[in-house]
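# Analysis of the macromolecular model
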Amino acid sequence: MKKIFLITLSIVSIIFSQMSFSEPDNHKGIVIVSDSGNNRIQEFSPNGVFLRQWGGLGTGKGQFNSPGGIGVDKNKNSYIADGLNNRIQKFDGKGRYLTQWGTLGTGNGQMNNPYSATSACDGKIYVVDTFNNRIQVFTGDGHYIKQWGVLGADRGEFDQPQAATLDDQGNIYVADGNNNRIQKFTRNGTFLLAWGTSGKSAGQFDSPIGITSLGHFIYVVDMNNNRIEKFTIDGVFVMEWGSLGAGRGQFNVPEDITASPDGYIYVADSGNNRIQKFTENGKWIGGWGTAGLGEGQFNSPDGIKFAK
């Protein structure tokens, strides 16, 4: 489903200033980005200073084929959904390979184009197994625990789920892409509620693809509407921002979103090959990135995660 609606803008002559920020870079943490088209991971400071990269196209350890969503555990290990290699790869806080799991298939622990991985505070890893229309749960070392979900539109069913996030109580929220809704579950997979329908109005979606939590709020990347929507943890619409374009605060097929503990929102603006940073209420703070192969450049950044 990703990339189908990528739009070539006639206003690409607008120059998006790299490293342009309205606040100083005095925040702790790192921003980890899946530079999907370049098949690598890049790490940055909270205001876009390049730190390191790793990866390359391939099937070997530490190589990728269309990496996507990223999970980070309390030990700063990162879990990368290596989509077309149908596996999860685990790295330490300096990008060194640790382990991997997953092969193509429908069995327990197998995957079909996993789009994202999310780490819970208890160490469990929730994998969005997109084309198998399910969520799989593993230990941090890749041992299979459980799963839930099948293809469908009823409660607890999915149609190409895209991403997941957890709130402070351990509930999990899934961006159910082709069903144009968000589903909320307990950490054990018990259905709690759902919200969203297909459309452009407030609280509706056209391919929700990225999701993150911050306090008592849920932020959703509404991909084909080129906007971010903010909800309470009970699914009540709060606000939105964004429109199609290449200017500040505009998007072209945004793919993923993450939040820092100090209240900033980072969006992987995939079609514009950049990262944009906002306050929790959508005020533009800054951004970085252009199309290319160099350090700090991107080719369709699809995943993003803030790590403390």
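Note that the coordinates shown come from a computational prediction; the quantities given were computed from them, not determined experimentally. (Residues numbered from 1 in each chain as written. Predicted model: local features only at pLDDT ≥ 70, side-chain atom pairs only at ≥ 80, totals over all residues. Heavy atoms only, no water.)

## A short note on the sheet that holds strand β2 (residues 30–35)
One open sheet holds the 4 strands; their spatial order is β4-β3-β2-β25, and the pairing between them is antiparallel. Looking at which strands have only one partner, the edges of the open sheet turn out to be β4 (50–55) and β25 (301–307). Ignoring strand direction, the axes of neighbouring strands in this sheet form an average angle of 20°. (Pairing = 2+ DSSP bridges. Helix = DSSP H or I, 4+ residues; strand = E, 2+ residues; numbered from the N terminus. Axes fitted to C-alpha atoms, helices over the stretch in contact; angles between N-to-C directions.)

## Digging into the pairing of strand β10 (residues 125–129)
The buried count for β10 comes to 5 of 5 residues, which makes it a mostly enclosed element. Residues I125, V127 and D129 point to one face of β10 and Y126 and V128 to the other, with burial holding for every one of them. With 5 bridges joining them, strand β9 (residues 114–119) and β10 adopt antiparallel strand pairing. Its bridge partner lying in β10, P114 is registered against D129. Between β9 and β10, which pair antiparallel and follow one another directly, the connecting turn spans 5 residues, one of which, G123, has a positive phi of 95°. In this sheet, strand β11 (residues 134–138) lies alongside β10 in antiparallel orientation, the contact comprising 5 bridges. Its bridge partner lying in β11, V128 is registered against I135. In this structure, the hairpin formed by β10 and β11 is closed by a connection of 4 residues, where N133 is found at a positive phi of approximately 55°. (Buried < 20%, exposed > 50% of the residue type's maximum accessible area, 1.4 Å probe, protein only.)

## Section: the layout of surface pockets
Estimates place the volume of the largest pocket at around 940 Å³. Put simply, the parts of the chain that give the lining of the largest pocket at least two residues each are β5 (67–72), β9, β13 (161–166), β17 (208–214), β21 (254–259) and β25. Tallied by class, residues from the lining of the largest pocket come to 16 nonpolar, 11 polar and 8 charged. (1 Å grid on protein atoms, 1.4 Å probe; cavity = no way out; pocket = protein on both sides within 12 Å on 5 of 7 lines; lining within 4 Å. Points joined across faces, edges and corners; volume = space filled by probe spheres on them. Nonpolar A, V, L, I, M, F, W, Y, C, P; charged D, E, K, R; others polar.)

## Points about the side chain of S300
For S300, the position within the fold is in the loop between β24 (284–288) and β25. At 3.1 Å, the side chain of S300 and the side chain of D302 are in polar contact. (Polar contact = N/O pair within 3.5 Å; in protein donor to acceptor, adjacent residues only side chain to side chain.)

## Examining the nonpolar core
Of all hydrophobic cores here, the largest spans 15 residues; its most connected members are Y219, I228, W241, I257, I265, V267 and F278. With residues up to four places along the chain from it excluded, the contact list for I265 reads L214, Y219, W241, I257, T258, A259, Q276, K277, F278, T279 and E280. (Core = buried A, V, L, I, M, F, W, Y, C linked by side-chain atoms within 4.5 Å. Contact = heavy atoms within 4.5 Å.)

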